Amino acid sequence: MLNIVLFGAPGAGKGTQAAKLVEKYNLVHLSTGDMLRDEIARCTHHGLIAQQLINNGQLAPDSMVVEMIAEKIKTHKASEGFIFDGFPRTIPQAKMLDSMLPEHGLRITGMIALSAPEDELVHRLLCRGKCSGRADDQNEEIIRNRIAVYHEKTAPLIEYYAAQGKHLSTKGVGSIDEIFHNLCAAIEKLRQVCCA
Ligand code: B4P
């Protein structure tokens, strides 16, 4: 099984690349951003809590996203593996994931971080905001706040996975196909380490 954490700051290209990886490796795509947007669209209890936080560039509560992920893992038990896109985003989320996976006979194969300069991230998200209508992509101040939250709460996960010998990184700037090619090479490397 292949269980990849696709990591990066907002706008690094996680969602874009996850869609291609899912197709190539026949994996289940678990995007907590997509799940939260779905909860918001359906006006659920989770959605109402998440909406305000997301629109202000803050993270949703750890317990909420972990509960959503646990539910999806149970539903897709028979799959060939998972792409975790935008999850975990905090150390507590990563620890909860690590304690939950063995119950399902699973483990993380590795984490791959996509890197891009901050001005490029802001530019991409503002462009997406023009056509997607996503409230969190409309305003530069909110986008910069999301990036600050990433540095404070999410970036420490690089050390967390590096300590387990599971961290690789690749450039998130360039053509989408070129980045995809480098990501696939990183996955092959993780597979070799994992199966050695
Ligand atoms: P997400 O939906 O995860 O979105 P993201 O971080 O904004 O974007 P991503 O990196 O996936 O960017 P994409 O590929 O689309 O999160 C949204 C919000 O939900 C978070 O801010 C948070 O509040 C909440 N949330 C989600 N998960 C959570 C969790 N686990 N815990 C707590 N809260 C959570 O790319 C962006 C743009 O760049 C696109 O327009 C794309 O076309 C473009 N692009 C991609 N690759 C490119 C390239 N190589 N060159 C040029 N443009 C490129």
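Residues numbered from 1 in each chain as written. Predicted model: local features only at pLDDT ≥ 70, side-chain atom pairs only at ≥ 80, totals over all residues. Heavy atoms only, no water.

Chemist: Explain the overall build of the chain residue by residue, including any values.
Modeler: A tally of helices and strands in the chain yields 9 helices and 5 strands. Mapped from its N terminus to its C terminus, the chain presents α and β elements in the order β-α-β-α-α-α-β-α-β-α-α-α-β-α. Over its C-alpha trace the chain gives a radius of gyration of 16 Å, about what one expects of a compact globule, namely 16 Å for 196 residues. Burial statistics for the chain: of 196 residues in total, 46% are counted as buried. Relative to all contacts within the chain whose residues are 6 or more apart in sequence, the contacts with residues 24 or more apart total 75%. Carbon and sulfur atoms make up 53% of the accessible area of the chain, which amounts to about 9,700 Å² in all. (Helix = DSSP H or I, 4+ residues; strand = E, 2+ residues; numbered from the N terminus. Rg over C-alpha atoms; globule rule 2.2 N^0.38 Å. Buried < 20%, exposed > 50% of the residue type's maximum accessible area, 1.4 Å probe, protein only. Contact = heavy atoms within 4.5 Å. Areas by Shrake-Rupley, 256 points an atom, 1.4 Å probe, with all protein chains shown as cover.)

Chemist: Break down the site of the ligand for me, citing the residues and quoting the values.
Modeler: Around the ligand there are 30 residues in total, and Thr16, Thr32, Gln58, Arg128 and Arg146 lie nearest to it. The separation between a nitrogen atom of the ligand and a polar side-chain atom of Gln93 is 2.9 Å. In the complex, the protein chains occlude 86% of the 1,000 Å² of accessible area that the ligand would expose alone. Comparing atom positions with the cavity grids shows the ligand to sit within the largest pocket. Of all the secondary-structure elements, those providing two or more residues to the shell around the ligand are α1 (14-25), α2 (32-41), α6 (118-132) and α9 (176-195). When residues in the shell around the ligand are grouped by element, the largest group, 4 residues, is from α2. (Near = heavy atom within 4 Å. Polar contact = N/O pair within 3.5 Å; in protein donor to acceptor, adjacent residues only side chain to side chain. 1 Å grid on protein atoms, 1.4 Å probe; cavity = no way out; pocket = protein on both sides within 12 Å on 5 of 7 lines; lining within 4 Å. Sits in = over half its atoms within 2 Å of the grid points.)

Chemist: Describe helix α4 (residues 62-75), and please don't skip the residues or the numbers.
Modeler: Compared with the 20 Å implied by 1.5 Å per residue over 14 residues, the 20 Å span of α4 between its first and last C-alpha is a close match. Every buried residue of α4 is listed here: Met64, Val65, Val66, Met68, Ile69, Ala70 and Ile73. Where the residues of α4 are buried, they touch β2 (28-31), α2, α3 (45-55), β3 (81-85) and α5 (91-100). (Expected span 1.5 Å × (residues − 1).)

Chemist: Explain the nonpolar core to me, using residue names and the numbers behind them.
Modeler: Looking at soluble globular proteins, one finds that nonpolar side chains tend to be buried together. If you look at the biggest cluster of nonpolar residues, it comprises 56 residues, and the most contacted ones within it are Leu21, Ile73, Phe84, Leu97 and Tyr161. Those residues in contact with Leu21, other than ones at most four positions away along the chain, are Leu6, Asn26, Leu27, Ile83, Phe180, Leu183, Cys184 and Ile187. (Core = buried A, V, L, I, M, F, W, Y, C linked by side-chain atoms within 4.5 Å.)

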